[in-house]
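Topology and contacts: notes
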Amino acid sequence: MTARRVLVLGGTAEARELADALAAEPGVVVTTSLAGRTRDPRLPAGAVRTGGFGGVDGLAAACAHVDLLVDATHPFAARMTSHAAAASARTGTPLVVLRRPGWVEGPGDDWRRVPTTGAAAAAVVGSRRVFLAIGRQGVGAFLDVDAWFLVRAIEPPDVLPARSELVLARGPFALDDERALLRRHRIDVVVAKDSGGATEAKLVAARELGVPVVLVDRPPVPDGVRVVDGVVGALGVVREQCGTPSG
Ligand SMILES: NC(=O)c1ccc[n+]([C@@H]2O[C@H](COP(=O)([O-])OP(=O)(O)OC[C@H]3O[C@@H](n4cnc5c(N)ncnc54)[C@H](OP(=O)(O)O)[C@@H]3O)[C@@H](O)[C@H]2O)c1
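Thresholds, definitions, all that
Counting restarts for each chain: residues are numbered from 1 in the order of the written sequence. It should be noted that, the model being predicted, local features are given only for residues of pLDDT at least 70 and side-chain atom pairs only at 80 or more, the latter also being counted only at that level, while totals for whole chains, interfaces and linings use all residues. With C-beta atoms placed from the backbone, a residue is labelled by how many other C-beta atoms lie within 10 Å of its own: buried for 20 or more, exposed for 12 or fewer, partly exposed between the two. In DSSP terms, a helix is any run of H or I states spanning at least four residues, a strand is any run of E spanning at least two, and both are numbered starting from the N terminus. Should DSSP find at least two bridges between two strands, the strands are regarded as paired. Crossovers are marked right-handed if the path from the first strand over the helix to the second runs clockwise, as seen with the strands pointing away from the viewer. Being near a molecule or strand means, for a residue, that its C-beta atom, positioned from the backbone, comes within 6 Å of it. Amino acids outside the nonpolar list (Ala, Val, Leu, Ile, Met, Phe, Trp, Tyr, Cys, Pro) and the charged list (Asp, Glu, Lys, Arg) are all regarded as polar, and Gly is one of them. Every axis in this analysis is a line fitted to C-alpha atoms, fitted for helices over the stretch in contact. Angles between the N-to-C directions lie between 0 and 180 degrees. Oblique is the label for every angle not falling under 35 degrees (roughly parallel), over 145 degrees (roughly antiparallel), or within 65 to 115 degrees (roughly perpendicular). Each crossing gets its hand from how the near helix is turned against the far one by less than a right angle, where anticlockwise is left-handed and clockwise is right-handed. Contact between two residues is assigned when their C-beta atoms, built from the backbone, lie within 7 Å.

1. Quick look at the pairing of strand 2 (residues 28-34)
Burial analysis of strand 2 places five of its seven residues in the buried class, which makes it a mostly covered element. Of the pairings in the sheet, the one linking strand 1 (residues 4-9) to strand 2 comprises six bridges and is parallel in character. Considered in strand 2, the bridge of L7 is made with T31. The parallel pair strand 1 and strand 2 is bridged by helix 1 (residues 13-23), and the resulting crossover is right-handed.

2. Section: the site of the ligand
The environment of the ligand is made up of 24 residues, and the closest members are G11, G52, T73, H74 and R79. Mapped by element, the contributors of at least two residues to the shell around the ligand are strand 2, helix 2 (55-63) and helix 3 (78-91). When residues of the shell around the ligand are assigned to their parent elements, the largest contribution, four residues, is made by helix 3. Across the shell around the ligand, the residue classes break down as nine nonpolar, 13 polar and two charged.

3. What about the packing of helix 1 against helix 7 (residues 231-242)?
Orientation of helix 1 relative to helix 7, taken along the N-to-C sense of each, is 45 degrees, at an axis distance of 10 Å. Taken as axis vectors, helix 1 and helix 7 run oblique relative to one another. Like other packed secondary-structure pairs, helix 1 and helix 7 cross with a definite hand, here right-handed. Judged by residue contacts, E14, E17, L18, A21 and L22 of helix 1 engage V231, A234, L235 and V238 from helix 7. Taken together, the residues of the contact of helix 1 with helix 7 sort by class into seven nonpolar, no polar and two charged.

4. Brief notes about the environment of H185
By the element assignment, H185 lies in the loop between helix 5 (175-184) and strand 10 (189-193). Residue classification places H185 among the partly exposed positions, given that 16 C-beta atoms sit within 10 Å. Separated by 152 residues in the primary sequence, H185 and S33 place their C-alpha atoms 38 Å from one another. Residues contacting H185, with those up to four places away along its chain left out, are R129, F131 and L150.

5. Thoughts on the sheet that holds strand 1
Strand order in this open sheet of six strands is 3-2-1-4-5-12, and the pairing throughout is parallel. Only two strands of the sheet have a single neighbouring strand rather than two, namely strand 3 (47-50) and strand 12 (226-228). Taking the axes of each pair of neighbouring strands and ignoring which way they run, one obtains an average angle of 25 degrees across the sheet. With four bridges joining them, strand 1 and strand 4 (residues 68-71) adopt parallel strand pairing. Within strand 4, the position partnered with V6 by the bridge is L68. Relative to the sheet, helix 1 contacts strand 1, strand 2, strand 4 and strand 5 (95-98), its axis offset from that of strand 2 by approximately 155 degrees.

As structure tokens, then:
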């Protein structure tokens, strides 16, 4: 049987888990694509390519060598997801989007959902000490807000608010550490993206300490695209599309 080729658009823990599973899957050859933004990424099993494709045209050209495209990028990597949808529609290469579920507000949470980082910046006006846990992108939206910021990201943002402290760290983070961080810096509002997944300890710590959260909503997945919410679902699609046995 000819091996079936799966291209995983990565940059998330789920993409890595999926590639690790596919590397052990009989009859499947997996390649993970990374954007190349992180200097020292955790690499999955199987082949890895790094760097942008050069827009929809480049990704469509790459699809010619692929039997299935899995978009397992971060829920906020909207451009890549829209490129994947366009390249799949153009070439007929099947596409599945692996999107982990977003977070759900529970008892004791004080969340305000906003559509963009710009709206989040408007929502924190009047706060004094802001924990900005949105990663390196989007920090620029907060430059005009008169507050002190604790900015946490894996890589340094291009810009920082005038009154701020930068913490470079890669999650997930322990609840005890998140609680201590909010207390130590006397944080009075947390700003986060609705990424879902394992980095929710900051939200739990905020709930416990009675700190409000401004949560940026994730962008929608393009209409008509098949979506699964985890690695097991994505593996099922690979087996269905590639005709490999379930196991
Ligand atoms: N946005 C976040 O909050 C966030 C958080 C954690 C991890 N990430 C990961 O970081 C990467 C970049 O995120 P982003 O928000 O900058 O993405 P984006 O805005 O959706 O994509 C911007 C451009 O980066 C390139 N790109 C993105 N993901 C790629 C991939 N997996 N392989 C090859 N090229 C890729 C593409 O360039 P071309 O047009 O040239 O193909 C794309 O047009 C993604 O892989 C994502 O999974 C993002």
